[in-house]
Amino acid sequence: QSDAAYMKTLPDAYLYLAICTGGAQVGKNLIMAPWGGMLSDAQIWNLVAFMRTLADPPYTGSVP
């Protein structure tokens, strides 16, 4: 998602949970698989931080 206004509404913890447990667990698409068994906590937090860099205009909030 590159819409900065939308991304600002999503807390880092929500993005972490979506990646870790999959889309269905956060009310999103069932196609998004859970990655918690494949990625470490640090890798998931790094992915959250990377996702923040995709926003246009750039995200200026805190990143874990």
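Above this text is the structure in question.
Residues numbered from 1 in each chain as written. Predicted model: local features only at pLDDT ≥ 70, side-chain atom pairs only at ≥ 80, totals over all residues. Heavy atoms only, no water.

**A few points about helix H3 (residues 41–53)**
Given 3.6 residues to a turn, an α-helix orients residues that are three or four positions apart in the same direction. Between its terminal C-alpha atoms H3 stretches 19 Å, which fits the 18 Å expected from 13 residues at 1.5 Å a residue. Every buried residue of H3 is accounted for by Ile 44, Val 48, Ala 49 and Arg 52. Down the axis of H3, the buried side of the element spans an arc of 145°, and every buried residue falls inside it. Of the exposed residues in H3, those oriented more than 90 degrees away from the buried face are Asn 46 and Thr 53. Here the buried face of H3 lies against helix H1 (4–7) and helix H2 (12–21). (Helix = DSSP H or I, 4+ residues; strand = E, 2+ residues; numbered from the N terminus. Expected span 1.5 Å × (residues − 1). Buried < 20%, exposed > 50% of the residue type's maximum accessible area, 1.4 Å probe, protein only. Arc of directions from axis to C-beta. Contact = heavy atoms within 4.5 Å.)

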